[in-house]
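Structural overview
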Amino acid sequence: MTDTVAGLLDEIADIGRDPARGGYSRPVHSDAEHTLREWFRGHAARRGLDVRTDHNGTIWAWHAPSGSRDGAAVTGSHLDSVPGGGAYDGPLGIASALVAFDQLAARGVGGTRAIAVFGEEEGSRFGVACLGSRLATGAITPERALALKDTDGLTYAEVAARSGLDPERMGPDPDAIARMKAFVELHVEQGRGLVDLGRPVGVATSILGHGRWRISIQGEGNHAGTTLMADRRDPMVAAGRLIAAVRDLARAEPGARATVGRLQPVPGGTNVIASTVDVWLDVRHPDDTVTASLVARIGEEAAELATDEGCTATLTEESLSGTVDFDAALRDRLSAHLGDAPQLPTGAGHDAGVLAGRVPTAMLFTRNPTGVSHAPEELCEDADAEAGAAALADGLELLAADPPTVPTAPDTDTTGGCPLV
Ligand code: HGY
Ligand code: MN
Ligand code: MN
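Low-pLDDT portions of the prediction should not be read for the details of their coordinates. Per-chain confidence: the protein chain averages 95 in pLDDT, with 96% of residues scoring 70 or above. For the stretch residues 410–421, pLDDT sits under 50, and the model shows 32 contacts to residues farther than four places along the chain or on other chains.

See below:
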């Protein structure tokens, strides 16, 4: 095989383009994501890999010369995207894995290895990040996952069934996790760390803890023309004031990031005072207790602002991932093996963050000259993409020859929510 990473990504460049803002919208189990899954399956099969889709919908492409899939050095990432996302977030890791496998085959590197494609990493359709890897590790129950709904009111169970999966079989996959002696995810860097360091490839030190909450503000729907200003209970006004308050509270907390990227008024008519407004909150901080306290403060502020406007507010947690520190010995080994590749943190979540609680895990980053992500301006230059794939091949070869014996502790994951008083 003489594929290049850039060449592979060119093959899918027209799949799932977002007409609204450019970039890509490839929600899990959409036609676009299914087309990408078929693209991957075709490339894996042409390389003689044993391609299987498991009961959670994760695709595994195996190189198992001994016939056994145990003790595998695994790499992988995702193909789903955020709405209007970049071309590299997810697919760069998958394309780099295919090229890395070509290089390992050309070098005659033995041992069992696999590429995994996890579904719903972005949580853009069903609200919970890394749904596929959380199901595999038991970090979310199948009951909760299957009941999640998209904006059309379809459950994950319905959508998965339409995609040929059996919802009754979904759930933890301890055998798959036990087979993995190491997991290394390559991902486009979602920041300017490598640009500023002048290096094409880096090794991850940590993933910032992050969560998502839905704040529902209830008011009184009414007519925009016949309702006097003094008679209104307008949840949209409370939401607007809340969004500014979220920014101010996060600014006042060093190291915190808080974002409202999504707002849904009901019914959303120009001449209609909304009855309710749902606001989705993304909060992140290196210290999980600070994340919790900041969310609590935002919840209190939401309740006060709602009361000011004659409304009420409820806060519900939808997804939560604690800060992950990758094993220092493993990342130091990789960094040394990759020419003293720089080590840097990421503010973005990844399937590697979920697996790190179960499997010796590491991440590689490939330089992004714009530093922008979750937007069409995300970029990775061809030469850097090739450098990333070569680094991934070297890392997998190292871990296959001398597997890490990293102790892993179960990651914590909470679900559910708490209504505001
Ligand atoms: O949201 C994140 O941090 C990741 O891109 N899913
Ligand atoms: Mn990603
Ligand atoms: Mn992403």
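For a metal bound by four donors in tetrahedral geometry, the ideal donor-metal-donor angle is 109.5 degrees, whereas six donors in octahedral geometry ideally sit at 90 or 180 degrees. The protein atoms donating to the manganese ion (ligand 3) are Asp89 (OD), Glu122 (OE), Glu122 (OE) and His374 (NE2), with metal-donor distances spanning 2.1 to 2.7 Å. Look at where the donors of the manganese ion (ligand 3) fall in the sequence and you get D-x32-E-x251-H. In this structure, the manganese ion (ligand 3) lies 3.5 Å away from the manganese ion (ligand 2), the two metals sharing Asp89 as a donor. With a gap of 252 residues between them, Glu122 in the loop between strand S4 (113–118) and helix H4 (131–137) and His374 in the loop between strand S15 (361–366) and helix H13 (382–401) connect regions that are remote in the sequence.

Further remarks concern the site of ligand 1. Every residue near ligand 1 is listed here: Glu121, Glu122, Gln190, Arg212, Arg284, Ala348, Gly349 and His374. Measuring from an oxygen atom of ligand 1, one finds a side-chain N or O atom of His374 at 3.0 Å. Isolated, ligand 1 exposes 220 Å² of accessible area, and the fraction of that covered by the protein chains is 95%. The class makeup of the residues in the shell around ligand 1 is one nonpolar, three polar and four charged.

Our focus in this paragraph is the coordination of the manganese ion (ligand 2). Taken together, the protein ligands of the manganese ion (ligand 2) are His78 (NE2), Asp89 (OD) and His187 (NE2), with distances of 2.1 to 2.2 Å. Every donor residue of the manganese ion (ligand 2) comes from the same chain, spaced as H-x10-D-x97-H.

Okay, the packing of aromatic side chains next. Under the counting rule described, the total for this entry stands at four aromatic pairs. Arranged with centres 5.8 Å apart and planes meeting at 15 degrees, the rings of Trp60 and Trp62 form a pair that is stacked. Neither Trp60 nor Trp62 differs from the other in exposure class; each is buried. Ring pairing ties together the aromatic residues Trp60, Trp62, Phe118 and Phe183, which thus form one cluster. Over the aromatic face of Trp62 sits the side chain of Arg69, whose NZ or CZ is 5.3 Å from the ring centroid. The ring centre of Phe101 lies 5.5 Å from the NZ or CZ of Arg113, which sits over that ring.

In this model, helix H10 (residues 288–308) (21 residues) spans 30 Å end to end at C-alpha, consistent with the 30 Å of a helix rising 1.5 Å per residue. Turning to H10, its buried residues number three or more, namely Val290, Thr291, Leu294, Val295, Ile298, Gly299, Ala302, Ala303, Leu305 and Ala306. Buried residues along H10 sit against strand S7 (209–218), helix H9 (235–251), strand S11 (276–285) and strand S12 (312–321). Gly310 sits one or two positions beyond H10 and adopts a positive phi of about 70 degrees.

The rules behind each value
Residues numbered from 1 in each chain as written. Chains lettered and ligands numbered in written order. Predicted model: local features only at pLDDT ≥ 70, side-chain atom pairs only at ≥ 80, totals over all residues. Heavy atoms only, no water. pLDDT = per-residue confidence, 0-100. Contact = heavy atoms within 4.5 Å. Donors = N, O, S within 2.8 Å, 3.2 Å for Na, K, Ca; no water. Helix = DSSP H or I, 4+ residues; strand = E, 2+ residues; numbered from the N terminus. Near = heavy atom within 4 Å. Polar contact = N/O pair within 3.5 Å; in protein donor to acceptor, adjacent residues only side chain to side chain. Areas by Shrake-Rupley, 256 points an atom, 1.4 Å probe, with all protein chains shown as cover. Nonpolar A, V, L, I, M, F, W, Y, C, P; charged D, E, K, R; others polar. Phe/Tyr/Trp six-rings, centres within 6.5 Å; stacked < 30°, edge-to-face > 60°. Buried < 20%, exposed > 50% of the residue type's maximum accessible area, 1.4 Å probe, protein only. Lys NZ or Arg CZ within 6 Å of the ring centre and 35° of its normal. Expected span 1.5 Å × (residues − 1).

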